[in-house]
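Descriptive analysis of the structure
So you can see what is in the structure, the chains are spelled out below.
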Amino acid sequence: MIKKMLFVAMIAATAAGVAVPASAVEVIILTAPPPLRVEHVPPPRHGYVWVPGYWNAHGHKYAWTKGTWMRERHGYRYNTPTWVEHNGQWTMNRGAWARNDRDGDGVPNKVDSQPDNPRRN
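Residues numbered from 1 in each chain as written. Predicted model: local features only at pLDDT ≥ 70, side-chain atom pairs only at ≥ 80, totals over all residues. Heavy atoms only, no water.

On to the overall build of the protein. Across its full length, the protein carries one helix and nine strands. For the protein, the N- to C-terminal ordering of α and β elements is α-β-β-β-β-β-β-β-β-β. Expressed as a percentage of the 121 residues in the protein, the buried residues total 19%. Taking contacts inside the protein between residues at least 6 apart in sequence as the whole, the part at least 24 apart equals 39%. Here the protein displays about 9,400 Å² of accessible surface, and carbon together with sulfur accounts for 59% of that area. (Helix = DSSP H or I, 4+ residues; strand = E, 2+ residues; numbered from the N terminus. Buried < 20%, exposed > 50% of the residue type's maximum accessible area, 1.4 Å probe, protein only. Contact = heavy atoms within 4.5 Å. Areas by Shrake-Rupley, 256 points an atom, 1.4 Å probe, with all protein chains shown as cover.)

Dropping the structure here:
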């Protein structure tokens, strides 16, 4: 119900000329994305990380987005976009920067005295 109300509000805002950020829209597609394309990864660039290409949503279809270099963020890693299926519907988890935290305990590796122990207190 809440998703329907948000969707209606976004449609109304768009019709009224109000800009709606693309990241706020959850796109659902009923078919699985095509297999990832094979890309030639260029040689490493100092201060940059390679973000591989992925299938992006374009309306209710898929469109390929080429891989690219992104400026490195020290203490972070880039999680590439992925598609997740739930009950026959595919939704996209957008790419995002996350703190380096190998064990998932919420303490960045840089200041973690035990960076590989998720059960420590």
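Let us look at the side chain of Asn-56. Along the chain, the position of Asn-56 falls in strand β3 (residues 54-58). At 3.1 Å, the side chain of Asn-56 and the side chain of Arg-94 are in polar contact. With residues near it in sequence (within four places) discarded, Asn-56 still touches Lys-61, Tyr-62, Ala-63, Thr-65, Trp-83, Met-92 and Arg-94. (Polar contact = N/O pair within 3.5 Å; in protein donor to acceptor, adjacent residues only side chain to side chain.)

Another aspect to go through is the nonpolar core. Core analysis: the largest hydrophobic core is formed by 10 residues, namely Val-27, Ile-29, Tyr-54, Trp-55, Ala-57, Tyr-62, Trp-64, Trp-83, Trp-90 and Met-92. At the level of elements, β3, β4 (61-65) and β8 (89-93) are the ones that each hand at least two residues to this core. In terms of residue count, β3 provides more of this core than any other element does, three residues in total. Excluding its chain neighbours within four sequence positions, the residues that come into contact with Ile-29 are Ala-57, His-60, Lys-61, Tyr-62, Trp-83, Gly-88, Gln-89 and Trp-90. (Core = buried A, V, L, I, M, F, W, Y, C linked by side-chain atoms within 4.5 Å.)

Turning to the packing of aromatic side chains, a few remarks are in order. The geometry of an aromatic ring pair is captured by two quantities: the separation of the ring centres and the angle between the planes. Counted by the stated rule, this structure contains four aromatic pairs. Ring centres of Trp-50 and Trp-69 lie 5.3 Å apart, and the angle between their planes is 70 degrees; on these two criteria the pair is classed as edge-to-face. Here the residue Trp-50 occupies a position in strand β2 (residues 48-51), and Trp-69 occupies one in strand β5 (residues 68-71), the gap between them amounting to 19 residues. With 5.3 Å between their ring centres and 70 degrees between their planes, Tyr-78 and Trp-97 make a pair best called edge-to-face. Residue Tyr-78 is found in strand β6 (residues 76-79), and its partner Trp-97 is found in strand β9 (residues 96-99); the two are separated by 19 residues along the sequence. Positioned over the ring face of Tyr-48 is Arg-45, at 4.2 Å from the centre of the ring. The lysine or arginine in question, Arg-73, covers the ring of Tyr-76, its NZ or CZ lying 4.3 Å from the ring centre. (Phe/Tyr/Trp six-rings, centres within 6.5 Å; stacked < 30°, edge-to-face > 60°. Lys NZ or Arg CZ within 6 Å of the ring centre and 35° of its normal.)

Spatial ordering of the open sheet is given by β1-β8-β7, a layout of three strands whose pairing is antiparallel. Because the sheet does not close on itself, it has two edges, and the strands there are β1 (28-29) and β7 (82-86). Where β1 lies against β8, two bridges are found, and the strand directions are antiparallel. Each residue of the ladder has a partner; that of Ile-29, found in β8, is Trp-90. (Pairing = 2+ DSSP bridges.)

Just distances and angles here, no functional claims.
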